[in-house]
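Close look at the chain arrangement
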Amino acid sequence: MSDDSQVVPVGAVDLGLAPVDTVAVRQGAFGASGSGDTSGFGGLVRPIEMPGASEKPYGGYFDELTEELELALADAGLPAESAIEKVVVDRGELTLYVRREHLLAVAQELRDEPGLRFEVCHSVSGVHYPADTDRELHSVVQLLSMTHRRRIRLEVTCPESDQHIPSLTDVWASADWHERETWDMFGIIFDGHPAMTRILMPDDWPGHPQRKDYPLGGIPVEYKGATIPAPDQRRSYN
Amino acid sequence: MGLEEQLPSGVLLTSVEKLAGYARKSSMWPATFGLACCAIEMMATGAGRYDLARFGMEVFRGSPRQADLMIVAGRVSNKMAPVLRQVYDQMPGPKWVIAMGVCASSGGMFNNYAIVQGVDHIVPVDIYLPGCPPRPEMLMDAILTLHEQVQDAKLGANRTRQVGELEQAALQAPATIEMRGLLR
Amino acid sequence: MNVYFPILILGLLAFGFAIFSVTVAGFTGPKRYNRARLDAYECGIQPTPMRIGGGRFPVKYYLTAMSFIIFDIELVFLYPWAVVFDKLGIFGLVAMLLFLFNLIVVYGYEWARGGLEWD
């Protein structure tokens, strides 16, 4: 898939209902762009929108949760505004954007505080937003509290120039292999991880496959008398 | 085989070929190489309804050292490729390979950085079996085709002659890209 | 002729067949070695090198083996007693209880000293 996204100034767009952040705007699709292309895909303009920051009250158990967390962080000597950048409530799910310097403190409080008790970290994965300068790589941590039956998501960002995020293996041992996978696929280096090696690709593989600028890597398929190019090389009308 | 290949070509060698072919095909032991979804169909073929035991093949050996046949069932990733080659190398001859499913035959629906586009990039394949996944009846058809091939296989001097003929035919045959026109 | 004579013949035949198979295969078979065939089989990955003496073992395996021996021998004495238990009466019961009491003291000692902790 050819890269057709353009940078649009990031800001909250008011749709009247919920705040929305436009991350990028994609022009054209399937390799076609501009006019002269009869499929019509060339004129397609599609903004990529992520849900924006929400305001209190969040609804459900989210208010209680965020209050507990703010109190716990204040007790630990960390004001909540410096640790948590943004709180997003969308479709019944809570996402906390945490600054990477304070990630370990927030994680420790989430795990140990009796009112929070997020014992299970069942996923650490990555996202790549190439248009979002200085916040290109995100690491998304999904947490589950068995005692209180709650779920929460932490999102930590880092720029491509300095792709380091503190590792959560000291807090939750299950983050170990997930962080290896995130390193393998996105290139985010987790500081403090016991064994940061590739887990899905062979050990000497160059590049990080799930980044947006990594090609699909297919080969042309040979039929009798013709070859068909790989899926991301097809349908170019230029 | 050591002793049989020293025999001179003639009636004796032909009879030995037939006997050896019969013995090899009727108790061919597969090595378990189920990687993905095709493995489920392979297990179903070995189970009660589509029985592989009637062909002498219900013993799926865990160790390649006791196996004749490697059924590569499923997609082979780039990380799995050296493992597959090592297991193939550790099988004693004579050995055969069935590429089961489209992923093993040609990379299947996965034309990307992670999947080897056909297991014949790594090991020599005797039978390619398309399907996603192939039904148990299709796998049995592939196995029976292989059995016929094994029954008709030549030994010793006959085999060297046959290899020479096959090589000449392959050198004269047109390349795949040159075969144009309507093929029905 | 002794009744068990055919079993001896069968045993000799089986033994002989096994020896015959291995030695004749060694002569008549081809010797096509490659490096993978000479390697140990480790599910297709490169095998890790063998350590001297099999490597260092945690001592808990030794303790488990010793405990097993002791309690297994105790079981060996318990089984025949259990079979003729009703014919032995009170005397048999008291004798066995004294034997068991000795072993319960041993068991209590091992428990208190942490011999049953696996970690």
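Look up: the structure comes first, before these words.
Scope of this entry: the structure provided in the associated data block. (Residues numbered from 1 in each chain as written. Chains lettered and ligands numbered in written order. Predicted model: local features only at pLDDT ≥ 70, side-chain atom pairs only at ≥ 80, totals over all residues.)

1. Here we look at the overall build of chain C
Heads up, the condition is: Secondary structure is summarised from DSSP: a helix means a run of H or I of at least four residues, a strand means a run of E of at least two, and numbering begins at the N terminus for each. The exposure label follows from counting other C-beta atoms within 10 Å of a residue's C-beta, where the C-beta atoms are placed from the backbone and the thresholds are 20 or more for buried and 12 or fewer for exposed, leaving partly exposed in between.
Counting its regular elements, chain C contains four helices and zero strands. Ordered by position from N to C terminus, the α and β elements of chain C give α-α-α-α. A total of 119 residues make up chain C; the buried ones form 0% of that total.

2. Digging into the overall build of chain B
Keep this limit in mind: Radius of gyration here is computed from C-alpha atoms only, and the compact-globule reference equals 2.2 Å multiplied by the residue count raised to the power 0.38. Any pair of residues counts as being in contact when their C-beta atoms, constructed from backbone geometry, are within 7 Å of one another.
Per the secondary structure count, chain B includes six helices and four strands. When the helices and strands of chain B are placed in sequence order, the string is α-β-α-β-α-β-α-β-α-α. Since a compact globule built from 184 residues should have a radius of gyration of about 16 Å, the 18 Å found for chain B is in line with a globular shape. Nonlocal contacts in chain B, meaning residues at least 24 apart in sequence, comprise 79% of its contacts between residues at least 6 apart.

3. Details of the interface of chain C and chain B
Put simply, the rule is: Residue type decides the class: Asp, Glu, Lys and Arg count as charged, Ala, Val, Leu, Ile, Met, Phe, Trp, Tyr, Cys and Pro as nonpolar, and the leftover types, Gly among them, as polar.
Across the contact, 10 residues belong to chain C and 13 residues belong to chain B. Each residue belonging to the side of chain C that touches chain B can be placed in one class, and the counts come to four nonpolar, four polar and two charged.

4. Topic: the interface of chain B and chain A
Taken together, the 11 residues of chain B in the interface contact 13 residues of chain A. Split into classes, the residues belonging to the side of chain B that touches chain A amount to four nonpolar, five polar and two charged.

5. Details of the sheet that holds strand β2 (residues 69–73) of chain B
Residues and elements named next belong to chain B. The line we're drawing: For two strands to count as paired, DSSP must find a minimum of two bridges between them. To obtain each axis, a line is fitted to C-alpha atoms, and for helices this fit is confined to the stretch in contact; angles are then taken between N-to-C directions over 0 to 180 degrees.
Here we have four strands laid out as an open sheet, ordered β1-β2-β3-β4, and parallel in their pairing. Bordering the open sheet on either side are β1 (30–31) and β4 (127–129), each of which pairs with just one other strand. The pairing of β1 with β2 spans two bridges and is parallel. Bridge pairing links Ala31 to Met70 in β2. Helix α5 (residues 136–151) contacts β3 (96–100) and β4 of the sheet and is inclined by roughly 170 degrees relative to β4.

6. Here we look at the sheet that holds strand β6 (residues 93–98) of chain A
Residues and elements named next belong to chain A. In space, the five strands of this open sheet follow the order β5-β6-β9-β8-β7, with mixed pairing throughout. Of all the strands in the sheet, just β5 (84–90) and β7 (120–128) have a single pairing partner and so form its edges. With strand direction ignored, the average angle separating the axes of adjacent strands in the sheet is 20 degrees. Here strand β8 (residues 137–145) pairs with strand β9 (residues 150–158) via nine bridges, running antiparallel.

7. Here's the deal with helix α3 (residues 60–83) of chain C
Note the threshold: Given the number of residues in a helix, its expected span is that number minus one, multiplied by 1.5 Å.
For α3 of chain C, spanning 24 residues, the distance from its first C-alpha to its last is 34 Å, which sits close to the expected 34 Å at 1.5 Å a residue. With zero of its 24 residues buried, α3 of chain C lies for the most part at the surface.

8. Thoughts on the arrangement of the chains
Across the two pairs of chains in contact, the largest number of contacts is found between chains A and B. The two units chain A and chain C remain apart, with a minimum C-alpha distance of 13 Å.

9. Regarding the packing of α3 of chain C against helix α4 (residues 85–112) of chain C
All names here are of chain C. This is how the line gets drawn: Orientation labels follow simple angle bins: below 35 degrees gives roughly parallel, above 145 gives roughly antiparallel, 65 to 115 gives roughly perpendicular, and whatever is left gives oblique.
Packing of α3 against α4 leaves a shortest axis separation of 10 Å and a crossing angle of 170 degrees. It follows from the interaxial angle that α3 and α4 lie roughly antiparallel. From α3, Ser67, Ile70, Glu74, Phe77, Trp81 and Ala82 reach across to α4, where they touch Phe85, Gly92, Met96, Phe99, Leu103, Val106 and Glu110. The class makeup of the residues in the contact of α3 with α4 is nine nonpolar, two polar and two charged.

10. Things to note about the pairing of β2 of chain B
Residues and elements named next belong to chain B. Convention followed: When the strands point away from the viewer, a crossover counts as right-handed if the path from the first strand over the helix to the second runs clockwise.
Among the five residues that make up β2, five are buried, leaving the element largely enclosed by the rest of the structure. Burial of β2 is two-sided: the residues Leu69, Ile71 and Ala73 facing one way and the residues Met70 and Val72 facing the other way are all buried. In the classification by handedness, the crossover that spans β1, the intervening helix α2 (residues 37–46) and the parallel β2 is left-handed. The pairing of β2 with β3 spans five bridges and is classified as parallel. From the neighbouring strand, Ala73 faces β3, where its bridge partner is Met100.

11. Considerations on the nonpolar core
Side chains of nonpolar character tend, in soluble globular proteins, to be buried together. Note the following rule: A set of buried Ala, Val, Leu, Ile, Met, Phe, Trp, Tyr and Cys residues, joined to one another through C-beta atoms within 7 Å, is what we call a nonpolar core.
Counting 39 residues, the largest nonpolar core has Met70, Ile71, Val72, Ala73, Val76, Ile98 and Met100 of chain B as the members making the most contacts within it. At the level of elements, α2, β2, α3 (81–89), β3, α4 (102–106), β4 and α5 of chain B are the ones that each hand at least two residues to this core. Excluding anything up to four places from it in sequence, Ile98 of chain B contacts Leu69, Ile71, Asp126, Ile127, Leu129, Ala142 and Leu146 of chain B. With 36 residues, the next largest nonpolar core counts Ala83, Leu103, Phe118 and Ile188 of chain A among its residues.

12. Remarks on α3 of chain B
Every buried residue of α3 of chain B is listed here: Leu84, Gln86, Val87 and Tyr88 of chain B. On its buried face, α3 of chain B sits against β1 and β2 of chain B together with α2 (35–38) of chain C.

13. Notes on the packing of α2 of chain B against α5 of chain B
When two helices pack together, their arrangement is given by the angle between the helix axes and the distance between those axes. Residues and elements named next belong to chain B. Packing of α2 against α5 brings their axes to within 9 Å, and their N-to-C directions diverge by 75 degrees. As judged from the angle between their axes, α2 and α5 are roughly perpendicular. Between α2, through Glu41, Met42, Ala44 and Thr45, and α5, the contact on the second element is made entirely by Pro136, Leu139 and Met140. Taken together, the residues of the contact of α2 with α5 sort by class into five nonpolar, one polar and one charged.

14. Focus: unusual backbone geometry
With omega at -5 degrees, the peptide bond leading from Lys56 of chain A into Pro57 of chain A counts as cis. Of note, Pro57 of chain A is situated in the loop between β4 (45–51) and α1 (62–75). Pro94 of chain B follows Gly93 of chain B through a cis peptide bond whose omega is -10 degrees. The phi angle at Asp134 of chain A is positive, at roughly 70 degrees, despite the residue not being glycine. Note on placement: Asp134 of chain A falls in the loop between β7 and β8. In this structure Asp134 of chain A comes out as exposed when scored by C-beta crowding, with 10 C-beta atoms within 10 Å. Phi angles above zero are rare outside glycine, and Arg149 of chain A is one such case at about 55 degrees. Exposure remark for Arg149 of chain A: the 8 C-beta atoms within 10 Å place this residue in the exposed category.

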